[in-house]
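So the chains spell out like this:
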Amino acid sequence: MRSPLYVTRPMLPDLGHLDGLLKEIWASRIVTNGGPLHGRLESELTSYLGVPTAMLFNNGTIGLLAVLKLFDLPPGSEVITTPLTFAATAHAIHWNGLRPVFADVCPETLTIDPASVKKAITAKTSAILGVHVYGTVCDVEALQSIANEHGLKLIYDAAHAFGAEIDDCPVAMFGNASVFSFHATKLFNTLEGGLVATPNPDDREKLYYLRNFGIRNEDEVVEIGINGKMNEIQAAIGLLNLPQVEQERCRRRALREMYNDALDGLPGIRFQAPQSRVKQSEQYYPVVIDATIFGRSRDDIYEELKARNIFARKYFHPICTDYEPYRGFPIFSARVEPYVQKVKSQVLCLPFFGDVDKKDVEEISLVFRRPSAVRRVRAAS
Ligand SMILES: *Cc1c(COP(=O)(O)O)cnc(C)c1O
């Protein structure tokens, strides 16, 4: 049996380099609360991401909580988002005393569908929270024009979109704010971590308070903040990982080509078309498997890969409206049937990181190309 192949693998720095930074931390005994490494990483990321405001957080979820507070959305108001995302997106809305409202996704990109967003707008809507899911960017122009027309804030969950660009413009310059995650599973990681970026330099101050209990100085607390602080060891990992990101992205880009070639022409199998004018982050490689044409389902392929020690992931199954707390929440759609209800059982994310090699891709493509054991068993029973 081959060694296990997972959907992703965290990029880690050279241990020798880490040792040098750990010695700095030990010498200063400054381990958190905005230490020197934190300061360095924040300034490097501000230029890397090309935004006026970039504030580190201890994880992406706390970043999402803080960004929703940043805009003082009316309590109980509605935030339109996509159900095809990680749990953090909808939960952050709910934890802010706001109501998540789910809109359908576009069949081509699987990102939130602007026409469906329009259907979901009510007098109580205060914001749209789009997700650049898998690293595919949202239709930022259409969403912005809806937000402008209805006076809504436009926020992006950019957990999958680190370093993405649209028309050479950094992805975080679109909308009112973007939240990145630096969790170990993400392209750029600090073990756990996150960042809130906005195109507005005036947002820095309030985010600073929101991140640190609202403390202004020893005598004043000026906001109802939270503990969103990244510690110095996380920052050290970030400082060492950042210079490796571009190389990892290139290797993933080459891997994407390999997969595209290997899966090309299979009836019922669709991989994501490149988006024109977009520099992809290269976070995930999702395929959409239409069982009625392909003959085997997403779950069949998932099981067959698993039997070979290859662990693809059914991101994002279950979708938010299938979670117990959001059951019964409608999905607003510009279609008769929400597309997301169909695609949720069709998407599979294949192993996607720089060290996945040609042999791995061949092994995976063989599973797609040959009639499966599962199918034969089913036919026999
Ligand atoms: C990873 C992720 C987050 C945030 O996760 P943290 O683990 O809190 O950093 C938010 N949204 C999406 C879509 C994610 O994939």
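Here the residue numbers are simple positions, counted from 1 along each chain's written sequence. Thresholds applied to this predicted model are a pLDDT of at least 70 for local features of residues and 80 or more for the giving and counting of side-chain atom pairs; totals over whole chains, interfaces and linings are not thresholded and use all residues. Hydrogens are left out, water is left out, and the side-chain values use all remaining heavy atoms of the structure.

Topic: the overall build of the protein chain
Test applied: Helix numbers and strand numbers start at the N terminus; a helix is a DSSP run of H or I with at least 4 residues, a strand a run of E with at least 2. The rule is simple: take the accessible area with a 1.4 Å probe, protein chains only, and divide by the maximum for that residue type; under 20% is buried, over 50% is exposed, in between is partly exposed. The criterion used for residue contact is that any of the two residues' heavy atoms lie within 4.5 Å. For this count, His and the chain ends are skipped, Lys and Arg are scored as positive, and Asp and Glu as negative. Where a charge lies is defined by one atom per residue type, namely NZ (Lys), CZ (Arg), CG (Asp) and CD (Glu).
Looking only at helices and strands, the protein chain features 14 helices and 18 strands. Considering only C-alpha atoms, the protein chain reaches an extent of 75 × 55 × 40 Å along its principal axes. Counting all 381 residues of the protein chain, 55% fall into the buried class. In the protein chain, the proportion of contacts linking residues at least 24 apart, taken out of those at least 6 apart, comes to 72%. Averaging the locations of the 42 positively and 45 negatively charged side chains of the protein chain gives two centres separated by 6 Å.

Observations concerning the site of the ligand
Note the cut-off: Nearness is defined per residue: one heavy atom within 4 Å of the molecule or strand is enough. Any pair of nitrogen or oxygen atoms within 3.5 Å is treated as a polar contact; in protein, a donor-acceptor pairing is required on top of that, and neighbouring residues in sequence qualify only through side-chain atoms on both sides. Residue-level accessible areas treat just the shown protein chains as cover; the underlying method is Shrake-Rupley with a 1.4 Å probe. Only protein atoms enter the 1 Å grid used here. Points where a 1.4 Å probe fits but cannot escape make up a cavity, open sets with protein on both sides within 12 Å along at least five of seven lines make up a pocket, and a residue lines them when an atom lies within 4 Å of a point. Pocket or cavity membership: a molecule qualifies when more than half of its atoms sit within 2 Å of the grid points of that site.
Neighbouring the ligand are 14 residues, the closest being T61, D157, H160, S181 and K186. Contact between the ligand and T61: an oxygen atom at 2.5 Å from a side-chain N or O atom of the residue. Expressed as a share of its isolated accessible area of 380 Å², the protein-covered part of the ligand is 92%. When atom positions are compared with the pocket grids, the ligand is found to occupy the largest pocket.

Observations regarding the UniProt feature "modified residue: N6-(pyridoxal phosphate)lysine" (unreviewed entry) in the protein chain
Test applied: UniProt positions are given in the numbering used here, feature names are shortened, and annotations may be inferred rather than shown by experiment.
Listed under "modified residue: N6-(pyridoxal phosphate)lysine" (unreviewed entry) in the UniProt record, and renumbered for this structure, are K186. Structurally, the position occupied by K186 is in the loop between β9 (177-181) and β10 (194-198). A relative accessible area of 12% places K186 in the buried class. If near-sequence neighbours (up to four positions away) are discounted, K186 is found in contact with A159, H160, S181 and Q283.

With respect to the sheet that holds strand β15 (residues 285-289)
By way of backbone hydrogen bonds, the strands of a sheet pair with one another, either parallel or antiparallel. Cut-off, in case you're wondering: Here, a strand pair is defined by DSSP locating no fewer than two bridges between the strands. The angle between two axes is taken between their N-to-C directions and runs from 0 to 180 degrees, where each axis is a line fitted to C-alpha atoms and a helix contributes only its stretch in contact.
Strand order in the open sheet made by the 3 strands is β13-β15-β18, with antiparallel pairing throughout. Bordering the open sheet on either side are β13 (269-271) and β18 (347-350), each of which pairs with just one other strand. Pairwise comparison of adjacent strand axes, ignoring direction, gives a mean angle of 30 degrees for this sheet. Relative to β15, β13 is paired through 3 bridges, and the arrangement is antiparallel. Each residue of the ladder has a partner; that of I269, found in β15, is I289. Strand contacts of helix α11 (residues 298-307): β15 and β18, with the helix running at about 25 degrees to β18, the strand carrying the most contacts.

A few points about the nonpolar core
To keep it simple, the criterion reads: Definition of nonpolar core: a set of buried residues of the types Ala, Val, Leu, Ile, Met, Phe, Trp, Tyr and Cys, connected through side-chain atoms within 4.5 Å.
L45, F162, F180, F182 and L195 are the most contacted members of the largest nonpolar core, which has 49 residues in total. No other element matches helix α8 (residues 232-241), which puts 5 residues into this core. Setting aside residues no more than four positions away along its own chain, L45 makes contact with G50, L56, F162, F182, F188, L195 and L242.

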